[in-house]
Every structure is written in structure tokens, then in C-alpha cells.
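Working through the structure, step by step
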Amino acid sequence: MDINSLFLMIIMRLRSITFALLAIAATLSGCCHNSNNEILSGVDYTLATQRKADISDVRYDINFLIPRVLTESVLCDIEIRFSLHEPCDVLLDFRDTERITEIIFKEISHSEQWQSWLRNEHIVIPREMVTAGENAIRIRTSVSDQSLNRNEEYLYTLLVPDRARTLFPCFDQPDMKATYTLSLTLPEEWTAVSNTSITGSATSEEGYQVIEFAPTEPLSTYLFSFVAGKLDSTTYDDGTHRFTAYYRETDPKRIAQLDTIFKEVKYSLEWLEEYTGIKYPFGKYDFIMLPGFQYGGMEHTGATLYNAGQMFLGENPTLDELLRRSSVIAHETAHMWFGDYVTMRWFDDVWTKEVFANYFAARIVEPLYPTIDHRLSRLKSYTISALSEDRTAGSTPIRQELDNLQNAGLIYGRIIYNKAPIVMDKIVEIMGDEAYQNGIRDYLRTFAYGNATWPELIEILDRYTDADLRTFSEVWVHSNAIPIVECSSKDNLLILKQRDPRSRGLLWPQHLTIRVVYDDSTTEDVNIAIEAARTTLGLRKPIAYIIPNICGRGYGLFTIPEQNIAWLMTQLPDLGDDLAREATLVNLHELYKWGYINKNQWLATLTDALTKEHNYLIASTICDYLSEPVATLKAREIEERLWHIATTHPLTSLRRKLITTLAHAHTAPAVTEALYTLWQANGATWLSEQEQFTTLSDDDAMTLAYELALRMPELQAEIITTQRARITNPDRLREFDYISRGTAPDTATRDALFAELLTSEARRTEPWAAALLKLLNHHTREAEALKYILPGLEELTEVQRTGDIFFPSNWCKALLGNHHSPEARAIVERFLADNPDYSPLLRSKILQALE
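Predicted, not measured: the structure shown is a model, and the values here were computed from it.

1. Here's the deal with the overall build of the chain
Tallying secondary structure elements over the chain gives 29 helices and 29 strands in all. Taken over C-alpha atoms, the radius of gyration comes to 28 Å for the chain, in line with the 29 Å a tight globule of 851 residues would show. Summarising its shape, the C-alpha atoms of the chain cover approximately 90 × 65 × 60 Å along the three principal directions. A total of 851 residues make up the chain; the buried ones form 62% of that total. Here the contacts in the chain between residues at least 6 apart in sequence split such that 74% fall between residues at least 24 apart.

Shown next as C-alpha cells:
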């Protein structure tokens, strides 16, 4: 029996199918879709609003057959049921219509008719073939691997934002929530996980098994998910909570971290239940940790996905790594309420789920780390990241216009993830904690298992405050770029002038604290509300110097006079409290990026500050800021001094961070030799002043091997072979084998690798593809890699079409991030000039990478 026959036999045994009619929605004015209208690819806004107006009660009954052999296609058999208000042309979304083998309708397979229904990524069924009321259709098709992330031993679906239509025919828009009943036919040695619990399983013929899952709660298409493969699992059950973790990790020390992971999941759930007043709104909470996963996590109900490398940490993890893991857990758990339970109506409001996830993640994590200043941590996590995109020519508003869901992935970025929580903090500051919490509870109750927009949220929050949140929202949410606040003094007058860098006359209202240093060296912290273009305060004594935004609450570029900048750079290490140092460090970095501080001054300031810094988070920020000037200045004496700091710094936890920074950025031969010695010993026996450094994690050692192989071409083969022999986990070995090819010393091999990356098949594991592209464009090869820029940009539209949400941005950063020459900028500018009609969203990604 062949596998196709087996699949059909299993489906017939599983269910009897009722065949009926199918329909699609009316326009907002009440008119149905007309098949004579132009049918656009993707899911355009007009189509989406038409469908929502006339279709309800959507249910999917889906069966997938997953062959054991990777070269055989996954097969899908799906029945779609829904209620239609009146007969209309019916448009289902399915990108691979050429793969359809059968459409069954009224118990008849319309083999001739349905071929004419396939139009521009849609199945269009004429209105004369449907009726008002209950409708159903059955479709059989093979499935491309694009959204299956398929490997020899496992696969997982990832359908955000509009990828469900690459996996099965559906109404692929977030406001058409549906229930899903899934069954999987898969190799008998495989495990399967989905949004709901398993209701039955049976071994079939030919070494396959059938696993059936319970119907889901109402979900948007992008939240439907399953994972299948050779997975290990561990279950936590304390009598109140039961979680199962699935993974492919083999290191017992890493697997032992599950105890901490389970506790943090439990804590996050309980925190959110208490804050929202709503019990966890879905049937189960399991999670899967996957190697090479594209994101930190993805909030599928009942089957949350995590990047294994961010969950299972190496020995001696840094505080950054621990905070990141805790934040990702809290972030994905918050999504269960904000994004899954209440979902945006359209992806222009995708930021509303991300702002809540990051805002509440920050609050959830605080009690887990009682010894750190979380205001400082938020500055490091959110403000720095947001400014890095918001200062560029590619800056976008938080809420962006979206005409078609095929472009929804391009809306994602640091603005919505990291600027949005800063804005939400300001809203809470305006409203007060209690009023805000009451408003959020009202919002969740009002739109439970449904969809909402940002204006609908603001309308609810407005009931709990006298402030004008709509006006506040207009500039902070709907406008791009950052405010520039010019801070100066004259005698005893403190003068603040706010201006819009885009010359639109916008004013960003906000509160901040400025520290003034008087002529007699005494200081005062002055709280200021910026509500006008010019703010003047008379203080009690003549002012000598200004330290703006000392509290870190303000957002923007805060300029000060030139002599004030020079003084402040010398004072940075000696600012007394940690928050003030971090906030000042961030503002000085912005002044550097805007051209107020030259590169040599900035590198010297950072190096001096690092020698004295005792707070790990601040020292880590300094390391992040060091990378670019070290790589571009090639100041060998400074690099050797930084290496000395890395081996002697009193913060032993910082040493690993600085080592990895130098590994990427350095050019000094003495540093290369020192890193090679460290790598040879694998970090375990290398001593510094009688103190052991730390054992390198697999990830550290792999990264170090890449960087050394690049700089020591005569030893490249030996380094790669030696490092490969050290790796025991098969998934990490596959990663290393893929990425390490980028260290090849000969240009012909690198050119061939770049040509390979211009094919979608070679980019399937996107984090690995981005890492390989980054090696090919390494700063030590900048001149040789100029030839990759233009073809890499020309491929970007295809990268966006075939990749997941963060990949276009990551592609641009890997392609352009190490290029700082005028020649590189000229290539990019010429490309944009030659393509005046280029997608504005993709243009923004390019410009953000070209800072």
C-alpha cells in the first residue's frame, strides 16, 4: 500500500464528511464579493473586511499525513465549515493552489469546475454554488515545507502573521477566529504536540500512528500550531499546574535547568491571573524548545515554542542571559491573555499584543531578581533597542498602515517591541497603577476570545482617567522618529527646547528629571514636565553643567553644549547612582550616533568607564557600545588594553561578555593570539591572576572558532575540524557545519556560498542563514564583500516572501551591518534611487540597517 492510499484509508476511518457549500463575506456596505472584481494576492484589507462582515462560526477539521522520508510531501485533508449570511463569491486563501489534488463539494468532486476557481493565491467559489446558512467544503492537497520548518527528525509549524495560507486553505486573517480539530498521521516513533490535549491515538499500518487532538478554543489562524518529531519530554505537576516541556537537548546539565524554567512559567501564569482577574483561558500549557527556532518564542496556546539556545543556557550564564530567558517566558505567557485571548483585528495593531507582552514581562520579572535596579534593566532592554531604529532614516510609527497581510511581517521590529512598552509606561504614569489595571481588566472582559483595535483600547482606558489619551497617542503612537530636546542654561535659568527632527512641528509630552550642577559644585535633581516647545525654569543659583534625563524616563535625544559634553564624558564613571550612570551612558551614546562626539573620544570614554564599572548591566551596555568603534577604528593599543580588562576585571561575570565582544570586533594580532590560546584550552584551564576564567559554552566556543578561523586562514581547517570534534549535540553540530563554511579563506568558496543563500531552500533555518551571511560580510572582509550588497538587496523581496517575520530585517543587518564605507552606502543609496516604487516597509528595513 502506498503512503497516499494509506492516508486516504485512515481519513475515511477517522470521520465521515458532510459536504456542503462554501461562501465569503460582504463588503462593509453589505454587498457581497463579486468574482469580477480584481482578486489580489495575499489578503488585502478590503477582502478581509468583506469576509468578516458575512462569515461566522468557522470550524476547521484538519488531517495531515507526515511521511517519514523528507523528500516526500506532507499531505493535507481539510474540511472547512462556516455560516454565511447570504450567498456570495467565496474566497479561501491558499498560496500553493497548484498543489491541490481535489475539491469535494456536495459529495461530488468537481475536477473540471474547481480548476477555474484557482485565482491568484485564492480558491474562488461562485455565489451560485453556495447558500445562506451552514456551508462546508473539503479540500485535499500536498503542502510545501515553507511553514513546516521540516527536518529529518522533527518539524514545527510557524504561521504568524499570514503563513497559515501556505499550509492549508483558510480564511487567513486574525479577526476570523475559528475552532480547529486536528489529527496527525506520522511515524510511530514520533511524538506530537498541538494547541490542545490528545484525545486518542492508534497505530496504523506501515509503521505509522494516528494522533487526534481535542477541538481548540476560538483561535486566529496564526495561532494554530503543531510540533512533531523525535522529542524528549519532562512533566511538571504540583497539583495545581501541569506543564510538559518537549525538547531535543542532550546535555544533562542543561536539561536540569527545567526546574527553573517550570517555576518561572508557573510564576508568570499566577502573576497574570492575579493581575487580570482571569484564570488561564486555555485548556493546557505545554511548551517546546527547538534548536534553530527563528524567534525567542512564539505564543501558540497550549504549545508555546521557544528557542532552545535561549532557554537551555551554558555553564556560568551571564545576568543578561538569565534576564533574557526570564523575560521571554514572561513575555510569551503574557500573550496568552494579550494576543491569544484578545487579539488585534488587523495586523496594523500587532503592536498592541507585543506592547502588553513586553510591558508585563518587565513587571513580572522584577521580583525574580530583587537585587537589580529594574529601571536600569528596562533602559538597557527597551530604550537602547528602540533608539537604535528610531534614530535612523528608516524610523516608523508604532502603529503602521497595512493594506495587505502579505506585508504584515514587515511591521515587526524594535519599534513595536521596545518603544511601545516605553510609551505604555508613560500611559501608566498618566493614569496611575490602579486605574490602569481596572481599565485592562475591563478591556479583557469586553473582548474575551475576540478581537480589538488600539482605538477601542484607548476608549476603554479613557473611562478611567481625566487625561486626554487620544491626543497623547497621536504623537507617541502614530508618529515616527524621536524628539530632540536641546538642554542649556543661562545664569540660573534652565532652558529646554523641543524640536521635531522631521520638521513637522510635533511635540512629544513627557516627564523627566535633569540634574543641574551649580557653580559651587552642589547638585539638584529637577523634575520637569515638557508640554511646550520651550520650557524655562528659574533655579536658585547659577548653573555650571547639566546632566539631562538622569532618571531615564525621558525618550529622545537630549543635547547639551559642547563643553558640557566634554565635562560629562570625564564624569561618567563617577556618577554616584547606577541608574544615573546608565541613563547618562545611553544619552552620550545617542550624542555619539548623532555626531556630537567623535569616534576616538567615544572609544576612550567607554574604555575608561569600563575599568571602573562595578554594575554588571552597565558594564554589559558598555561592551555592546564598544563593538562598533573597536571594529572600525582598529586601534590596536586600545584593543590590547581591553583584553587586559577582560582578563582582570573585578566583575568576573563580565569577563566572558567582554571576551565575546572582542572576539568579533578586534583586529590586533596580539588579541587574536590570546583568544586562540583561550579557545585551544576551551576556556576551562585558562587562568587570570590565579582565577579560572570560565568554561566556554558550546555557543561561545563555536563563535570563537568562527572568528579565529577568519583571522587565521592558515589554521582555518584545523580550527574548524577541532571545534567540530568537540560538539556532541547533533543539532548544534548541524548548525556548526552550516555556519562554519563562511570562514572559508578563498573567495571562490565564499562567492558560491553567497550564491547559495540567494535560493530560498538554503535559507530554511533562518538564524543560521543570517549568521552565515554575516560571516561573508564580516568587517575584516569589508572591501571583498562589497560585491554582495547589490544582489543581496535585490533578493530582499524574495526573502520577505519566503521568510518569517524577522528575517528581512535580520537579512539586512547581516548584509549591511558590518559595512561602514562610503562605497557601501553609495551602493545602497543607488539601489533605493533606482527603485522609487520599492516597498516602503522594506525600504525602512534597509535604512534601519544602514545606521
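That was the structure; now back to the text.
2. Thoughts on the sheet that holds strand E24 (residues 523–530)
One open sheet holds the three strands; their spatial order is E24-E23-E26, and the pairing between them is antiparallel. In this open sheet, the two strands that pair with only one neighbour each are E24 and strand E26 (543–547). Going from strand to strand, the sheet's axes swing by 35° on average, the running direction of each strand aside. Bridge count for strand E23 (residues 510–518) against E24 is eight bridges, and the pairing is antiparallel. Bridging across to E24, Val-517 finds its partner in Thr-523.

3. Some points on the packing of aromatic side chains
By the definition in use, this model includes 50 aromatic pairs. Each ring, one from Phe-831 and one from Tyr-838, has its centre 5.2 Å from the other, and the planes form 80°; the classification is edge-to-face. In terms of burial, Phe-831 and Tyr-838 fall into one category: buried. Through a chain of ring-to-ring contacts, the aromatic side chains of Tyr-236, Phe-243, Phe-262, Tyr-280, Phe-282, Tyr-285, Phe-287, Tyr-306, Trp-337, Tyr-341 and Tyr-449 assemble into a single cluster. For Arg-68, the ring lying beneath its charged end belongs to Tyr-208, and the centroid distance is 5.2 Å. The cationic tip of Arg-741 hangs over the ring face of Tyr-738; the distance from NZ or CZ to the ring centre is 4.7 Å.

4. So, the nonpolar core
Generally speaking, soluble globular proteins have nonpolar side chains that are buried together. Ranked by size, the top nonpolar core spans 279 residues in total, and within it Tyr-60, Phe-64, Phe-168, Met-289, Phe-360 and Tyr-436 carry the most contacts. With eleven residues, the single largest contributor to this core is helix H7 (residues 350–365). Here Met-289 is in contact with Ala-245, Tyr-246, Tyr-247, Arg-248, Leu-258, Ile-261, Tyr-306, Ala-308, Met-311 and Phe-312, once residues within four sequence places are set aside.

5. Description of the sheet that holds strand E16 (residues 287–290)
In a beta sheet, neighbouring strands are held together by backbone hydrogen bonds and run either parallel or antiparallel to one another. The five strands lie next to each other as E14-E15-E16-E18-E17, forming an open sheet whose pairing is mixed. Every interior strand has two partners, whereas the edge strands, strand E14 (232–237) and strand E17 (297–298), have only one. Inspection of the sheet shows E17 paired to strand E18 (residues 304–307) by two bridges, in the antiparallel sense. Bridge pairing in E18 places Gly-297 opposite Tyr-306. Here helix H4 (residues 258–276) sits on the sheet in contact with E14, strand E15 (242–247) and E16, set at roughly 135° to E15. Sheet strands in contact with helix H6 (residues 319–335) are E17 and E18, and its direction is about 160° off that of E18.

6. Details of the state of the cysteines
Per the stated rule, a full pass over the model turns up zero disulfides. With no disulfide partner, Cys-170 has as its closest neighbouring cysteine sulfur the one in Cys-76, 9.9 Å distant.

7. Thoughts on the side chain of Thr-343
Following the sequence through the fold, Thr-343 ends up in strand E19 (residues 342–344). Thr-343 sits in the buried class, given a relative accessible area of 1%. Only 3.4 Å separates the side chain of Thr-343 from the backbone oxygen of Asp-340, close enough to count as a polar contact. Once residues lying within four places of it in the same chain are set aside, the contact partners of Thr-343 are Pro-174, Lys-177, Ser-220, Tyr-222, Gly-450, Asn-451 and Ala-452.

8. Details of the packing of H6 against H7
Packing of H6 against H7 leaves a shortest axis separation of 8 Å and a crossing angle of 130°. Classed by the angle they form, the pair H6 and H7 counts as oblique. In the packing of H6 onto H7, the handedness of the crossing is right-handed. Here Leu-323, Ser-326, Ser-327, Ala-330, His-331, Ala-334 and His-335 of H6 come into contact with H7, specifically with Lys-353, Glu-354, Ala-357, Asn-358, Phe-360, Ala-361, Ile-364 and Val-365. Taken together, the residues of the contact of H6 with H7 break down into eight nonpolar, five polar and two charged.

9. Focus on the side chain of Asp-804
As for its position among the elements, Asp-804 is in the loop between helix H26 (796–802) and helix H27 (807–816). Although Asp-804 is buried, it forms no salt bridge, and the closest oppositely charged side chain is Arg-163 at an N-O distance of 4.4 Å. A distance of 2.8 Å separates a polar atom in the side chain of Asp-804 from a polar atom in the side chain of Gln-294. Apart from the residues within four sequence positions on either side, Asp-804 is in contact with Asn-149, Leu-158, Val-160, Arg-163, Gln-294, Tyr-295 and Glu-766.

10. Some points on the pattern of salt bridges
In the structure shown here, the tally under the stated rule is 66 salt bridges. A salt bridge links Glu-784 to Arg-750; the nearest nitrogen and oxygen atoms lie 2.4 Å apart. Placement of Glu-784 in the loop between helix H24 (766–776) and helix H25 (786–794) and of Arg-750 in helix H23 (residues 747–757) is noted, with a sequence separation of 34 residues between them. Look at Glu-784 and you get partly exposed, because its relative accessible area is 41%.

11. Examining helix H2 (residues 45–54)
For H2, the complete set of buried residues consists of Leu-47, Ala-48, Thr-49, Gln-50, Arg-51 and Asp-54. Here H2 starts with a cap whose side-chain oxygen sits 3.2 Å from the backbone nitrogen of Thr-46, and that cap is Asp-44.

12. A short note on the pairing of strand E2 (residues 74–84)
In terms of burial, E2 is a largely internal element, eleven of the eleven residues being buried. Because side chains alternate across E2, one face comprises the buried residues Val-74, Cys-76, Ile-78, Ile-80, Phe-82 and Leu-84, and the other comprises Leu-75, Asp-77, Glu-79, Arg-81 and Ser-83, equally buried. Relative to E2, strand E1 (residues 55–65) is paired through nine bridges, and the arrangement is antiparallel. Looking at the pairing, Leu-65 lines up with Leu-75 of E2.

13. Details of H7
Between its first and last C-alpha, H7 extends 23 Å over 16 residues, near the 22 Å set by a 1.5 Å rise per residue. Most of H7 is tucked away: 15 of the 16 residues are buried.

14. Section: the confidence of the model for the chain
Taken residue by residue, the chain gives an average pLDDT of 93. The fraction at 70 or more is 94%. Across residues 685–692 the pLDDT falls below 50, and counting only partners more than four positions away or on other chains, this stretch makes 14 contacts in the model.

15. A look at the environment of Ile-411
Its location among the elements puts Ile-411 in the loop between helix H8 (374–390) and helix H9 (414–431). Among the residues examined, Ile-411 registers a relative accessible area of 2% and is labelled buried. Once you skip the residues sitting within four places of it in the chain, Ile-411 turns out to touch Phe-347, Asp-348, Val-350, Gln-400, Glu-401, Leu-402 and Ile-416.

16. Re unusual backbone geometry
Between Val-160 and the following residue, Pro-161, the backbone shows a cis peptide bond with an omega angle of -5°. Mapped onto the fold, Pro-161 is located in the loop between strand E8 (154–156) and strand E9 (178–187). Of note in this structure, Asn-149 is not a glycine but carries a positive phi near 45°. When you line up the elements, Asn-149 lands in the loop between strand E7 (133–143) and E8. In this structure, Lys-634 is a non-glycine residue whose phi angle is positive, near 55°.

17. Regarding the packing of helix H15 (residues 599–612) against helix H17 (residues 636–648)
Helix-helix packing is described using two parameters, namely the angle between the two axes and the distance between the axes. Two elements in contact, H15 and H17, have axes whose closest approach is 11 Å; the angle formed by their N-to-C orientations is 15°. Considered as vectors, H15 and H17 are oriented roughly parallel to each other. H15 and H17 meet at a crossing whose hand is left-handed. Note on element contacts: H17 touches H15 through Ile-638, Arg-641, Leu-642 and Ile-645, opposite Leu-603, Thr-607, Asp-608, Leu-610 and Thr-611. By residue class, the composition of the contact of H15 with H17 is five nonpolar, two polar and two charged.

18. Remarks on the environment of Gly-200
Along the chain, Gly-200 turns up in strand E11 (residues 198–203). When the C-alpha positions of Gly-200 and Gly-554 are compared, they lie 55 Å apart, and in sequence the two are 354 residues distant. Discounting residues that sit within four places of it in the chain, Gly-200 has contacts with Val-210, Ile-211 and Glu-212.

Conventions we followed
Residues numbered from 1 in each chain as written. Predicted model: local features only at pLDDT ≥ 70, side-chain atom pairs only at ≥ 80, totals over all residues. Heavy atoms only, no water. Helix = DSSP H or I, 4+ residues; strand = E, 2+ residues; numbered from the N terminus. Rg over C-alpha atoms; globule rule 2.2 N^0.38 Å. Buried < 20%, exposed > 50% of the residue type's maximum accessible area, 1.4 Å probe, protein only. Contact = heavy atoms within 4.5 Å. Pairing = 2+ DSSP bridges. Axes fitted to C-alpha atoms, helices over the stretch in contact; angles between N-to-C directions. Phe/Tyr/Trp six-rings, centres within 6.5 Å; stacked < 30°, edge-to-face > 60°. Lys NZ or Arg CZ within 6 Å of the ring centre and 35° of its normal. Core = buried A, V, L, I, M, F, W, Y, C linked by side-chain atoms within 4.5 Å. Disulfide = S-S within 2.5 Å. Polar contact = N/O pair within 3.5 Å; in protein donor to acceptor, adjacent residues only side chain to side chain. Parallel < 35°, antiparallel > 145°, perpendicular 65-115°, else oblique. Left-handed = near helix turned anticlockwise from the far one by under 90°. Nonpolar A, V, L, I, M, F, W, Y, C, P; charged D, E, K, R; others polar. Lys, Arg positive; Asp, Glu negative; His and termini not counted. Salt bridge = Lys/Arg side-chain N within 4 Å of Asp/Glu carboxyl O. Expected span 1.5 Å × (residues − 1). pLDDT = per-residue confidence, 0-100.

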